[in-house]
Structures are given as C-alpha cells and as structure tokens.
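These are the residues of each chain, in order.
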Amino acid sequence: MKLGKYSIGIGDRFAHQGIAQLRGIVKANQFGLDISPVWNKSNREHIYVHSHPTDVRKEADAAVTALAFKGKYFVDADHINMGTVTPFVETADFFTLDVASFIGKESKPEEIQSFISSCEKYMGQLIIPGIDHPLVVSESLLEKIATKFLAATQQASEIYHFLKTSKGEGNFITEVSMDEVETPQTPIELLFILKMLADKGVPVQTIAPKFTGRFNKGVDYKGNTEQFAKEFEEDVLVLDFAAKEFGLPEEIKLSVHSGSDKFSIYPIMAQVIKKHDKGLHVKTAGTTWLEEVIGLALAGGEALEMAKSIYANALEQKEQLCAPYADVIEIDATQLPSVEEVKGWNGEKFANTLRHIPGHPDYNPNFRQLVHVAYKVAADMGKSYTDLLEKHSDIIGACVEENIYERHLKRLFSL
Ligand SMILES: [Zn+2]
C-alpha cells in the first residue's frame, strides 16, 4: 500500500465535517494535484470525545462515497503505541507508531556496539547529495545516537511486527513519530534513526521528527524560519539518501505534525518539496473543530450562545484543559477576553477573534489556543452540540471547506 506523493492529515474531532474537508481537497486537486486525504484521530481524542476508531472509518467512507472521490484515502490510527493499538487494527490502514516515550530508554551495550560497527562505512565526512557540507560522523556521535534512539526504534519494530501479523504485510501505511518531545532531532540523527528502522525491518513510509521551533496548537509557527528551512531541506535530502542507501520504501517522506495552521512555514515546505520533487504529509487536527465553533458563532441565535458558552466553560476549566497540552500551547491569560466581554459580541466579532487570519485586527491567538484545547467542553455537551452542528451544517461546512482550501492547501501547494 502506497500513500501517494502528497497527503494531508485531517482531524475531525466530532466526525461531522468529513464531506466539507474532502470538498476542500477536491478543490485543490482540480489544479492537477493528487492530494490524498488521511483522516487521523489519536487515542486521546477518542477518549475525550467518547468515539471509537470505527467511527473514523465510517466517516471517511461516507465522505468519499458522497463526493464520488476517486483518489486514494486513508484512516490514520494517530499516535498509537503497543498499549493502544488494538482497537484501531481492524478499521485503520495508516498507523502512526509513537515511540517518543522510548527515546533515551536503555538498550543493551552489545546492541549499541553492534549498531556502531554496522555504521563503519559512514564514519568520517559523509556526503549527502544536495547538502552543501559533509556530515561529520564519529564513533562518539554514533554512540550518542544509538543510546538515545535504539530503544525507540526497537519499539517501532515491535508495533510494526504486531501489525504485520494482524493486518498482513503491505496492507497498511507505516509512520513513525518522535515529534512529541522537547528536543528536535537533527538531520544527522534522523539519518541514523532511519538506518535503525531499516535494520529492524520497519518499512517506514512517513516519519515525523520533532522540528526546530514551537508548534503551538492551532496558531502559526514560532521560531527561526530560516533555520527551519535549512533543517527541513536537509531532512528531505537525508530521507532521499536513506531510502536508497538502506533500502527503505522509495516513496518515504516527511510527516509534519503541524498542530495545524503553521502558515509561515507552509510556503517554505512547498518550495523545498518542489525543488527536490519530493512528497509531503502534513497533519492538521483541531483546525476543523475551530471552524465548527466559528460556524456556530456566525449562525447566530442559540448557536452563537453555544459558542459563547464553550468559551465561558473553557475559561473556567482553563487549567485542566491546558495541562495535557502544556508543551504545545502558549496562552497569555492577560490577553483573554472576559466572559462578560464576550457576552456582548455579535457572531462576526466572535468569528473574527477566533478565525486564523494573520494581521486581522480582531484575531486573538490566545483566545484561539484556549478554544483549540477546549473540544472536551463540546464533547461534554454531547448531543446538544452535535445537533447544532447538523442544524447549521451549511454554514459550518462552508467554513471548514474554506479553511482547508484557502488557508491550508493554497499555502502548502502554492496554489
Ligand atoms: Zn504528533
């Protein structure tokens, strides 16, 4: 099973926007692209929303049928591990093996030694075609990398082989993710991580490293974009080298777990993949949920009231809601409007405050990040929330489609 050159991960917390999301992708594909949608949902999201992996498969199939979509599409068991993978086995065909928590775990000294020995031919000045400086590979560097990553790649191998047995070889896409950590992986680390995966028989098709800079939820990239550009391009070239050198799948590509809305680096990624004629997978997630809240606000009446009540509840439960996301949000509480203030807003003002239009005078990234992590509040509202999604599906669907197409795909694919 192959993913295709371009793919986009679309999360949909409440499984109501599959068709609208797909409409956005179809619109981009009319420009001659062949972007595959991948509906991704993690175990954590399922727990919060009280949904089951089967629901994502149903949603994806229904959207594809409704629009008579002819391209490839996938259902991603996002960020699974050995303990959480089982309920996803039957209905997912894309598995993101999250081995971040195994980084730095101990490996046997003889395994580390044998890895170092297997890398002898790369020691010294290693030339990666396209990278303008040689990578300096020393024994001590290899030892450091093996000590840090061998256990994580071993874990990836165990999950992969479990899936291979249960689903059959070649019947699913394998992604390995290491993005949910503090320290970014450097291109040289990535190179040897890929060698470890190849050695252990993991045919990784997408890999999600942690990149330099902050990837806060639902808002733009924060960091040095020039440094990101350099690192991203080197990673792309490392993957190309690794595929040929270690026998990994030739279509291997980077997966950027964007946390949604990294608008300032989208054009950088677009330029690099175009320059080297490479593929890309970008995961977005909560951006669609935010469009639901925007759509509710625009719908007015009881729907606007619900949007306001989601914010009021989010503000009240701020600490609990933010805690699991501490590393990936930055909210300046002094910039959050009070419940009283928001009560006086009309739908337009609420939507403009939440919608991610950089430079818009009403846009408030603090407000946006808080609502981003507050989907649990809507989940707790249960049917009263989803009933309003259905009642206002036209206006919400238009917001979702516009967001995916205008703000994401246009920037990602230079349309
Ligand atoms: Zn991730």
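Residues numbered from 1 in each chain as written. Predicted model: local features only at pLDDT ≥ 70, side-chain atom pairs only at ≥ 80, totals over all residues.

Regarding its fold elements, the chain presents 17 helices and 10 strands. Taking 22 Å as the expected radius of gyration for a compact globule of 415 residues, we find that the chain reaches 21 Å, a close match to that expectation. With respect to the three principal axes, the spread of C-alpha positions in the chain is 70 × 45 × 40 Å. With 415 residues in all, the chain has 46% of them scored as buried. Long-range contacts, defined as pairs at least 24 residues apart, comprise 79% of the intrachain contacts of the chain with a sequence gap of at least 6. (Helix = DSSP H or I, 4+ residues; strand = E, 2+ residues; numbered from the N terminus. Rg over C-alpha atoms; globule rule 2.2 N^0.38 Å. Buried ≥ 20, exposed ≤ 12 C-beta atoms within 10 Å, placed from the backbone. Contact = placed C-beta atoms within 7 Å.)

We now examine the sheet that holds strand 7 (residues 173-177). Pairing is parallel around the closed barrel formed by 8 strands, whose spatial order is 1-2-3-4-7-8-9-10. Neighbour-to-neighbour, the strand axes of this sheet turn through a mean angle of 25°, independent of strand direction. As paired elements, strand 7 and strand 8 (residues 206-208) share 3 bridges and run parallel to each other. Opposite Ser 177, over in strand 8, you have Ala 208 as the bridge partner. (Pairing = 2+ DSSP bridges. Axes fitted to C-alpha atoms, helices over the stretch in contact; angles between N-to-C directions.)

Turning our attention to the nonpolar core. Counting 114 residues, the largest nonpolar core has Ile 310 and Val 371 as its most contacted members. Considering every element that reaches this core, the biggest residue donor is helix 5 (residues 139-167), with 11 residues. The two domains that each donate at least three residues to this core are domain 1 (6-287) and domain 2 (289-399). The residues contacting Ile 310, other than those within four sequence positions of it, are Val 293, Val 371, Ala 374, Val 377 and Ala 378. (Core = buried A, V, L, I, M, F, W, Y, C linked by C-beta atoms within 7 Å. Domains from an automatic or database assignment.)

Side chains three or four residues apart in an α-helix point the same way, a direct result of the helix having 3.6 residues per turn. Within the span of helix 13 (residues 347-354), buried status applies to Gly 347, Phe 350, Ala 351, Thr 353 and Leu 354. For helix 13, the angular spread of the buried residues around the axis is 160°, confining them to a single face. For helix 13, the elements touching its buried residues are helix 9 (287-299), helix 10 (301-316) and helix 14 (365-372). (Arc of directions from axis to C-beta.)

On the secondary structure map, Asn 366 appears in helix 14. What makes Asn 366 partly exposed here is the crowd of 18 C-beta atoms within 10 Å. Taking C-alpha positions, Asn 366 is 4.9 Å from Ile 331, a pair spaced 35 residues apart along the chain.

Another point: the pairing of strand 1 (residues 6-10). With 5 of 5 residues buried, strand 1 lies mostly within the body of the structure. Residues Tyr 6, Ile 8 and Ile 10 line one face of strand 1 and the alternating positions Ser 7 and Gly 9 line the opposite face, and both faces are buried. Judged from the 5 bridges that link them, strand 1 and strand 2 (residues 35-42) form a sheet pairing that is parallel. Within strand 2, the position partnered with Gly 9 by the bridge is Val 38. Since strand 1 and strand 2 lie parallel, the crossover through helix 1 (residues 18-29) that links them has a hand, and here it is right-handed. Judged from the 5 bridges that link them, strand 1 and strand 10 (residues 280-284) form a sheet pairing that is parallel. When the sheet's bridge partners are listed, Ser 7 is paired in strand 10 with His 281. (Right-handed = clockwise from strand over helix to strand, strands pointing away.)

Along its sequence, the chain is carved into domain 1 (6-287) and domain 2 (289-399). In this structure, domain 1 and domain 2 have C-alpha centres spaced 29 Å apart. Listed by partner, the interface residues are 21 residues for domain 1 and 21 residues for domain 2. If you list the elements that add at least two residues to the side of domain 1 that touches domain 2, you get helix 1 and helix 2 (43-49).

We now examine helix 14. Among the 8 residues that make up helix 14, 7 are buried, leaving the element largely enclosed by the rest of the structure. For helix 14, the set of buried residues is Pro 365, Phe 367, Arg 368, Gln 369, Leu 370, Val 371 and His 372.

This next bit is on unusual backbone geometry. With a phi angle near 50°, Ala 68 is a residue other than glycine that sits in the positive phi range. Note on placement: Ala 68 falls in the loop between helix 3 (53-66) and strand 3 (74-80).

This brings us to the pairing of strand 4 (residues 94-98). Strand 4 sits mainly inside the fold: 5 of its 5 residues count as buried. Of the two faces of strand 4, the one carrying Phe 94, Thr 96 and Asp 98 and the one carrying Phe 95 and Leu 97 are both buried. Bridging between strand 3 and strand 4 involves 3 bridges; their strand directions are parallel. Looking across to strand 4, one finds that Ile 80 is bridged to Leu 97. Here strand 4 runs beside strand 7; their pairing, made up of 5 bridges, is parallel. For Asp 98, the partnering residue across the bridge sits in strand 7 and is Ser 177.

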